[in-house]
Amino acid sequence: QVQLVESGGGLVQFGGSLRLSCAASGNIVGIYRMGWFRQAPGSQREQVATILNDVDGLTTYQDSVKGRFIIDRDNAKNMVYLQMNNLKPEDTAVYYCNANALSGGRVYDYWGQGTEVTVYS
């Protein structure tokens, strides 16, 4: 089992910045990818950014956040971050940390409880 705890959400003005944090604990050895998803009211959960847990740390971003959001990690602290800049009202959502882990030949999907981000104009 992997436990994920997000923090850093809040209320921010249009054009502002927030940095989300995700702390991973438990059986983290098998984690091969971590990411951030978000879910706005009345919408489906969508992928925002991912980062591979390897030497290169390859990242992917949803088109709408490219150039504004940065995902990074600190493996020594078992942390993943999402730096969000130039925030827009359409970024308002609950943001979830996600981890994909491989164990015993099976892939497991883990989620945090979410942290709310509200951007006002």
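This text gives an overview of the structure that appears in the document.

Scoring rules and cut-offs
- Residues numbered from 1 in each chain as written.
- Predicted model: local features only at pLDDT ≥ 70, side-chain atom pairs only at ≥ 80, totals over all residues.
- Heavy atoms only, no water.
- Phe/Tyr/Trp six-rings, centres within 6.5 Å; stacked < 30°, edge-to-face > 60°.
- Helix = DSSP H or I, 4+ residues; strand = E, 2+ residues; numbered from the N terminus.
- Buried < 20%, exposed > 50% of the residue type's maximum accessible area, 1.4 Å probe, protein only.
- Lys NZ or Arg CZ within 6 Å of the ring centre and 35° of its normal.
- Salt bridge = Lys/Arg side-chain N within 4 Å of Asp/Glu carboxyl O.
- Disulfide = S-S within 2.5 Å.

1. What to know about the packing of aromatic side chains
Next, step 1: What the rule picks out here adds up to two aromatic pairs.
Next, step 2: Aromatic side chains Phe37 and Trp111 sit 4.9 Å apart centroid to centroid with 75° between the ring planes, which places their arrangement in the edge-to-face category. Of this pair, Phe37 sits in strand S4 (residues 31-39) while Trp111 sits in strand S10 (residues 106-111), and the two are 74 residues apart along the sequence.
Next, step 3: Accessibility expressed as a relative area gives 15% for Phe37, which makes it buried.
Next, step 4: A relative accessible area of 34% places Trp111 in the partly exposed class.
Next, step 5: Residues Tyr108 and Tyr110 carry aromatic rings whose centres are separated by 6.4 Å and whose planes lie at 20° to one another, so their mutual orientation is stacked.
Next, step 6: Positioned over the ring face of Tyr81 is Arg19, at 4.3 Å from the centre of the ring.
Next, step 7: Geometry around Tyr96 places Arg45 over its ring, the cationic atom sitting 3.7 Å from the centre.

2. Observations concerning the pattern of salt bridges
Next, step 1: If you walk through the whole model with that rule in mind, you get five salt bridges.
Next, step 2: Between Arg38 and Glu46 there is a salt bridge, and its shortest N-O distance comes to 2.7 Å.

3. A few points about the environment of Val29
Next, step 1: Mapped onto the fold, Val29 is located in the loop between strand S3 (18-26) and S4.
Next, step 2: Judged by its relative accessible area of 75%, Val29 is exposed.
Next, step 3: Taking the C-alpha atoms as reference points, Val29 and Met79, 50 residues apart in sequence, are found 13 Å from one another.

4. Comments concerning the state of the cysteines
Next, step 1: Scanning all chains against the criterion turns up one disulfide.
Next, step 2: Paired through a disulfide, Cys22 and Cys97 show a sulfur-sulfur distance of 2.0 Å. Its S-S torsion of about -80° marks the bond between Cys22 and Cys97 as left-handed, since a negative value means left-handed. Here Cys97 lies in strand S9 (residues 93-103) and Cys22 lies in strand S3, a separation of 75 residues in the sequence. Like Cys97, Cys22 is buried.

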